[in-house]
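# Examination of the molecular architecture
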Amino acid sequence: MVKTFFFLTIRSIVLFFVSLIIVRFMGKRTIAQLSPFDLIVIIIMGSAIAIPLEDKKIHLSFGIIPVIIMSLLNYFISILITKNRVFENILQGTSTVLVRDGEVIIKNLKKERISMADLMILLREQNISNINDVEEATIEPNGKLSIILKKEKQPVTPKDLGLSAVEGIFKTVLINNGEVVKNNLEVANVGIEQLLVDLKNRGINRLKDLEKVWIDENGKITFELKNDKNTEGRPL
């Protein structure tokens, strides 16, 4: 009995640290927001790890090798996703607009199998009590709801009050030449989804139209469009 307990303890410790290393290798993206593919990988990893724990006759490698293979597959597919939009849409799905100009798009609710009660819960989670305040609400591939409020319902900014915000000295580039700098997003604690929503509010729908987006130590985000020097330093 003691020998069996010791055997399972050692296996559990080994598989725990293997799993921890693998998840760290897969990156923060997998932890922060699960795409359908990420979810499948985690389920398979959990099942593979459980096999050698349940049966001591099965060699430890039968749990470690499948986990390593799945993590490598996840890694390479993540690279493909960043380089090919079509491939990304197939594996992770696309965003679906559920509300536009305060009106619920019923066919899209049915398409995503979301009830009106579910939609209202998602809105309340973002402190939206009146659907008429919503310009656009979109369900993202990771299941999160992105909301753009109508202009009259958006928070007042210093610019709206005729005030000039002080620009910070230390700037962190979030988007450079149309490409997202993922490491800097994490350092600045800026969510890519909210950043894209803010850009969309300013009429910028494509990242490739941006020369640069940066944030200073005061949290002020500014952007510059390609081939348009008049936008340099424009606040977001």
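These lines cover the structure that appears in this document, whether it is placed above or below. For every chain, the first residue of the written sequence is number 1, and numbering continues from 1 along that sequence. Two thresholds apply to this predicted model, a pLDDT of at least 70 for residue-level local features and 80 or more for giving and counting side-chain atom pairs, whereas whole-chain, interface and lining totals are computed over all residues. Computation of side-chain values: all heavy atoms of the structure, hydrogens and water removed.

### As for the environment of P52
Worth spelling out the cut-off: Helical segments are the DSSP runs of H or I of at least four residues, strand segments are the runs of E of at least two, and each set is numbered from the N terminus.
In this structure, P52 sits in helix α3 (residues 36-54). Sequence separation of P52 and G63 is 11 residues, and the distance between their C-alpha atoms is 5.9 Å.

### Examining helix α9 (residues 192-201)
What counts, and what does not: The buried label goes to any residue with under 20% of its type's maximum accessible area, the exposed label to any with over 50%, and the partly exposed label to all in between, with areas taken from a 1.4 Å probe on protein chains only.
Along α9, the positions that sit buried rather than exposed are L195, V197 and L199. Just past α9, the residue G203 takes up positive phi, approximately 85°.

### Notes on the sheet that holds strand β4 (residues 145-149)
Paired through their backbone hydrogen bonds, the strands of a sheet run either parallel or antiparallel. Threshold: At least two bridges found by DSSP between two strands is the condition for calling them paired. Contacts are residue-level and defined by heavy atoms, with any inter-residue pair within 4.5 Å sufficient. Inter-axis angles, ranging from 0 to 180 degrees, are taken between N-to-C directions of lines fitted to C-alpha atoms, where helices are fitted over the stretch in contact.
Spatially, the 4 strands line up as an open sheet ordered β2-β1-β3-β4, and their pairing is antiparallel. One side of each edge strand has no neighbouring strand; the edge strands of this open sheet are β2 (103-104) and β4. Lying over the sheet, helix α7 (residues 116-125) contacts β1 (96-100), β2, β3 (134-139) and β4, oriented at roughly 70° with respect to β4. Sitting on the sheet, α9 is in contact with β3 and β4, with an inclination near 30° to β4.

### A word on the environment of N227
Within the fold, N227 resides in the loop between β8 (221-225) and β9 (234-235). Once the C-alpha coordinates of N227 and L210 are considered, the two residues, 17 residues apart in sequence, prove to be 9.2 Å apart.

### Points about the side chain of N108
The topology assignment puts N108 in helix α6 (residues 106-111). Residue contacts for N108: discarding those within four places in its chain leaves T96, V97 and L98.

### Quick notes on unusual backbone geometry
Residue D101 is not a glycine yet carries a positive backbone phi of 55°. Residue position: D101 is located in the loop between β1 and β2. Of the residues examined, D101 reaches a relative accessible area of 44% and is grouped as partly exposed. With phi around 55°, N177 is a residue other than glycine that occupies positive phi space.

### Quick word on helix α4 (residues 61-83)
Spacing of three or four residues puts side chains on the same side of an α-helix, whose turn is 3.6 residues. Under the convention used in this document: A helix is expected to span 1.5 Å for every residue after the first.
Along its 23 residues, α4 runs 33 Å from first to last C-alpha, staying within 8% of the 33 Å computed at 1.5 Å per residue. Every buried residue of α4 is listed here: G63, I64, V67, M70, S71, N74, I77, S78 and I81.

Function-wise, these values are silent; they only describe arrangement.
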